[in-house]
Amino acid sequence: MLNARNMIWFKALGGTVLYDATGSLVGGAARQRRTIGLLAALTVAGDAGMTRDKLVGLFWPDYAPSKARHSLTQALYAARKALSCDGLFDVSEDIRLNFDCIESDVRAFERKIRADDDEGASALYRGPFLDGFYLASPEFDMWLSHERVRLEDLAVGAIGRVVERLERAESWASAIENARRLTAMRPSDAGFAMSLMRVLARSGDRPAAIAYAQTYAAIIREQHETEPDHAVIELSEQLRQWSGTPLAQSRSVEFVVPVAVEPVLLPATTLRVRAPLDVTRQRGARPMVLLAAMIMLIAVFATGALFLIRRNHTTEVIRPLQQRLIIAPFRVAAADPALQYLSDGLIELLSTRLADDSLDRSMDAGPLIRAWRKAGVTAPLGMTVDTIVEVARRLGAERVIVGSVVGTPQRTILSASVIAVRSGKATMHASVEGSADTLTGLVDQLARKLLLSQAGEDQLSQRTTISLPALRAYVAGTSAYAVGDYAVAEERYTRALTVDSTFALAALKLAMSAARLADFAAERTALDRAWHFRSDLGRRDDAYLHALLGAQYPALSGIRDSRIAWNEAARLNPERPEVWFGLAAATLQTESPSDFVVERDAIVAALRRALELDPGYAQAAILLARVQDRGTAHPSGASMKADTTASFLRWWQATLSGDSAARAESSAALSTLGPANLRSIALASQYSIAPLNDGQRALQLLRARAGNLQGAFEVLIAQHSVELNLGHPETALEITRRMQRLSPATRAHLRLQVLDALYDTGDSTTAALAAQQLAHAHANNLPGAPADACVLAQWMLARGDTARARALLDQLRADGNRYTPVFVGVHPVVCALLVDATLAVATKRADARARLQQLDSLVFTGITAGDAAAYAPIAVARLHQSLNQPAAALAAIRRRPFANAIWPRYLASALRLEELLASPVGVPGDTTG
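Reading the values: the criteria
- Residues numbered from 1 in each chain as written.
- Predicted model: local features only at pLDDT ≥ 70, side-chain atom pairs only at ≥ 80, totals over all residues.
- Heavy atoms only, no water.
- Buried < 20%, exposed > 50% of the residue type's maximum accessible area, 1.4 Å probe, protein only.
- Helix = DSSP H or I, 4+ residues; strand = E, 2+ residues; numbered from the N terminus.
- Pairing = 2+ DSSP bridges.
- Expected span 1.5 Å × (residues − 1).
- Axes fitted to C-alpha atoms, helices over the stretch in contact; angles between N-to-C directions.
- Contact = heavy atoms within 4.5 Å.
- Parallel < 35°, antiparallel > 145°, perpendicular 65-115°, else oblique.
- Left-handed = near helix turned anticlockwise from the far one by under 90°.
- Salt bridge = Lys/Arg side-chain N within 4 Å of Asp/Glu carboxyl O.
- Core = buried A, V, L, I, M, F, W, Y, C linked by side-chain atoms within 4.5 Å.
- Lys, Arg positive; Asp, Glu negative; His and termini not counted.
- Polar contact = N/O pair within 3.5 Å; in protein donor to acceptor, adjacent residues only side chain to side chain.
- Disulfide = S-S within 2.5 Å.

A. How the structure looks around the pairing of strand 1 (residues 8-11). Where burial is concerned, the two faces of strand 1 agree: the one with Ile8 and Phe10 and the one with Trp9 and Lys11 are both buried. Sheet topology places strand 1 next to strand 6 (residues 102-104); three bridges connect them, and they run parallel. Directly across from isoleucine 8, in strand 6, lies its bridge partner isoleucine 102. Pairing between strand 1 and strand 2 (residues 17-19): three bridges, direction antiparallel. Looking at strand 2, one finds that tryptophan 9 is bridged to tyrosine 19.

In structure tokens form, the structure reads like this:
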């Protein structure tokens, strides 16, 4: 219990107990509530300590400033005396605990968390922070509620990871014990219920697993008056019907999630099937329930009527406001009287900073202040948090900001907490301090911290943006992304970058939104912006960006380095479905055909995790079906998320199931779909057994709706891809001519005409003429010259003109640092690698095999290689063929990128080559694409 230094031990997790240096319980004056509260606050503050004004604001918010400071001095003295420790506090203007004299399980717990010692942290967490403790101070109650939630979240994550490791080790007794801890802490969480059921079933105790499903259902029905999560019920039914090998030895049962290969650590919290409780779905009401409900409604209305009769004797009804987030008058009782104006003033000041129509709320301060006054909630009343929450509920708010002002005009402290109206719990807290003369800056800082908390980001202000408008747009984007509205998210993140072009986190999130929408050009541009300002990213986001782009971007990463980067990103971002999809796609980049068989389970595990975290993840669903030989696109029990691509997923599932009626219905509805669903259908139709004509029609609809030249051009590039994969080179050629008419200066049509002849069945005469025009443009150094040089060099090598190809290679190397992205373009650094290896093989240089091996060890994705990702696997496979290396050629063609920021323009060509290569080495072709 005590550490080696034999100090006072303060147990605050699961209750409040003090032990002295001998290990004996400390009672008497040391058990006074103010003393315990003071020790708790300073323990959490740690080495930074707390200012006197902050402590006064927590414990004596209703006292006059001079009296409050005197009370603090007395409390410090009383604590020293009660614990017989004169050096208990380090006191200056800031006050901190002397941790040479006192230690706490809270600090030990947080140290274990920071050290990734989940077992140690789990052992220390024995219950809620200061369980059963209270003080008659609304400010302390808000602080305590926030800290309890924060520490419990840390404990849940640690225990979840412990369960996962114990399950891997098949230590069933301990795994069950810890899984039960999670369900006790979060009894309504479907994910934890399923985790416990899975552990029980795999241990061989199926009856207990089925019984717990009934317990979970009873909890949900009694406490939330709604139906339990369907995934739990379905898992229970599977367990009832299942028979055979004990689950502890089975990995073939569909609901058992395979474990990803090391070094990825997969916490159990990532296994949750998120299904928010829908309180609008009520059970069939029994007569007694209805009677009780009527009595309760009468009581609520009566209480509301009494509540409204305040000092002004008003009986006006509080009318709901059209505001989801509202701000209550700030408490100023402990502040200098000169700061009294801030009570209502902060409603006005914060409203203007938090207001944003993109967040679906109108923060009009005037009606809000009048509503509080009608309810009798004004600063001098000393209203309780419960009172504020009750009024906020009747005003129709989802969240309410409650705050306080302490100090003097010279040193003012503003503190605020956001309280969820439904639960009454604080979800975030922020505090700032400074001179009232800089009030505008102080309010900006407070708004900024609240916005960051709302977005779920770490409190690292220097890593986001100093612009409040940019931050508001970012928060709006994050909210939209969380519910699957990727089109809105893309627009909000774009707005944030318009305001602050250096906002790296917004650029990364913009790329993530664009990827979900198959908006490849926007994705690549956003990632390039994020890379440029990557020093502003936190560790988790930086790891994800490095996995996407590679440590040497714009140079390509090697296959092994890419796998390491994705494993690290998954370790740091276990809650992000995008990371699991990226890990699966990276794992597909195997070094030989036999590796795919070895890695198959890891790929499936990663994709299933992506779909568990986001059942509406279109690309993950397509890839999972491909890897499983066109099997089920979703894990059993996963419910479809009503997000941007939900219509696509219905089309996709109808296609997979072979349900002709459902497929016909989905196809008929294409004209009603938005751009995200149409792009997803066009992409999926090329990778699957789905009818390609649906992809054609989807793109025709997109082209008809294109609102600008860039949008129309991007649709033509996608249409060109579909037509080539349909085996319609003449139609593809006609599309390049449409590109010419639309925007001849881009010369994208010329580059495509040459590449189509090189990598598909394009017309060679047309290609020769296009190459001549490209050569002329390149000679005049027109914009886009590096992209022209890349295509020309490949054309020259195909024609045996190694001298001109070598000259173009030198030009590509010289252009490496001055590249501007263009349609059908490749970064010169990437193209130079491809041309150099091709030239080495063509001229039979001594280092030809080494150059080819270097090229073949790199990862070509649409994000990192641009347009080269469409044809590089074919080029590399052909080079291996020319060196009589068929197995290496087959591995290379199978490493083509999947739905990764590129339209699969030469997929049909790649499949034909794969089929040709597979037979001689005895490996069946991958006909799923």
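After that view, the rundown keeps rolling.
B. Representation of helix 31 (residues 748-759) within the structure. Helix length check: helix 31 (12 residues) gives 16 Å between terminal C-alpha atoms against 16 Å at 1.5 Å per residue, within 8%. In terms of residue burial, helix 31 counts as a mostly covered element, since 11 of its 12 residues are buried. For helix 31, the set of buried residues is Ala748, His749, Leu750, Arg751, Leu752, Gln753, Val754, Leu755, Asp756, Leu758 and Tyr759.

C. Up close: the sheet that holds strand 1. Strand order across the open sheet formed by three strands is 2-1-6, with mixed pairing between neighbours. Both outer strands of the open sheet, strand 2 and strand 6, are each paired with one neighbouring strand and no more. The sheet shows a mean angle of 20° between the axes of neighbouring strands, direction not considered. Packed on one face of the sheet, helix 1 (residues 33-45) meets strand 1, strand 2 and strand 6 and runs near 90° to strand 1. Its contacts with the sheet put helix 4 (residues 105-114) on strand 1 and strand 6, and the angle it makes with strand 6 is roughly 55°.

D. Quick peek at the side chain of asparagine 573. The residue asparagine 573 is located in the loop between helix 21 (559-572) and helix 22 (577-587) in this model. On the accessibility criterion, asparagine 573 (0% relative accessible area) is buried. Excluding anything up to four places from it in sequence, asparagine 573 contacts Arg540, Tyr544, Val579 and Trp580.

E. The arrangement of the pairing of strand 5 (residues 94-97) in detail. Every second residue of strand 5 is oriented toward a common face, the buried set being Ile95 and Leu97 and the non-buried set Asp94 and Arg96. Here two bridges tie strand 3 (residues 50-51) to strand 5, and the two strands are oriented antiparallel to one another. Paired with threonine 51 across the strands is aspartate 94, a residue of strand 5. Bridging between strand 4 (residues 89-91) and strand 5 involves three bridges; their strand directions are antiparallel. Within strand 5, the residue paired with valine 91 across the bridge is isoleucine 95.

F. Molecular detail of unusual backbone geometry. Backbone torsion omega between tyrosine 553 and proline 554 reads 10°, so that peptide bond is classified as cis. Looking at the secondary structure, you find proline 554 in the loop between helix 20 (539-549) and helix 21. Backbone geometry at glutamate 170 places phi at a positive 60°, although glycine is not the residue there. If you trace the backbone, glutamate 170 turns up in the loop between helix 6 (138-168) and helix 7 (172-185). Taking relative accessible area as the criterion, glutamate 170 reaches 39% and is therefore assigned partly exposed. A positive phi angle, close to 55°, is found at asparagine 781, a residue other than glycine. The topology assignment puts asparagine 781 in the loop between helix 32 (764-779) and helix 33 (785-798).

G. Up close: the packing of helix 6 against helix 7. Look at helix 6 against helix 7: their axes get within 9 Å of each other, and the N-to-C directions meet at 155°. Taken together, helix 6 and helix 7 sit at an angle that is classed as roughly antiparallel. The two elements helix 6 and helix 7 meet at a crossing, and its hand is left-handed. Contact with helix 6, carried on its side by Glu152, Ala155, Val156, Ile159, Gly160, Val162, Val163, Leu166 and Glu167, involves Trp172, Ser174, Ala175, Asn178, Ala179, Arg181, Leu182 and Met185 of helix 7 and no other residues of that element.

H. Molecular detail of the pattern of salt bridges. Across all of its chains, the model carries 42 salt bridges by this definition. As a salt-bridge pair, arginine 393 and glutamate 390 come within 2.7 Å of each other at their nearest N and O atoms. Placement of the pair is arginine 393 and glutamate 390 together in helix 14 (residues 385-394), with a separation of three residues, close to one helical turn. Assessed through its relative accessible area of 39%, arginine 393 is described here as partly exposed. When its relative accessible area of 26% is taken as the criterion, glutamate 390 is described as partly exposed. Each of the salt bridges in this network shares a partner with another, and the network as a whole consists of Arg813, Asp836, Arg845, Asp847 and Arg851.

I. Geometry of the nonpolar core. Of all hydrophobic cores here, the largest spans 203 residues; its most connected members are Val400 and Leu414. Ranked by the residues each element gives to this core, the list is headed by helix 35 (residues 828-842), at nine residues. If we ignore the near neighbours within four places in the chain, the residues touching valine 400 are Leu325, Ile326, Ala328, Trp372, Ile388, Val389, Ala392, Ser417, Val418, Ile419 and Val421. Within the second largest apolar cluster, 84 residues are counted, among which are Val26, Phe109, Val162 and Leu182.

J. The side chain of aspartate 756, seen in detail. One can find aspartate 756 in helix 31. Buried charge aspartate 756 goes without a salt bridge, the closest partner of opposite sign being arginine 905 at 4.4 Å. A distance of 2.6 Å separates a polar atom in the side chain of aspartate 756 from a polar atom in the side chain of histidine 720.

K. Geometry of the state of the cysteines. This structure, assessed with the given rule, holds one disulfide. The disulfide that involves cysteine 790 links it to cysteine 831, with 2.0 Å between the sulfurs. Taking the sign of the S-S torsion, about 95° here, the bridge from cysteine 790 to cysteine 831 comes out right-handed. Taken together, the positions of cysteine 790 in helix 33 and cysteine 831 in helix 35 put the pair 41 residues apart, joining distant regions of the chain. You'll find cysteine 790 and cysteine 831 in the same group, each marked buried. Sulfur of cysteine 85: no disulfide; nearest cysteine sulfur belongs to cysteine 101 and is 3.5 Å away. Classification of cysteine 85 as buried rests on a relative accessible area of 11%. Judged by relative accessible area, cysteine 101 falls into the buried class, the value being 19%.

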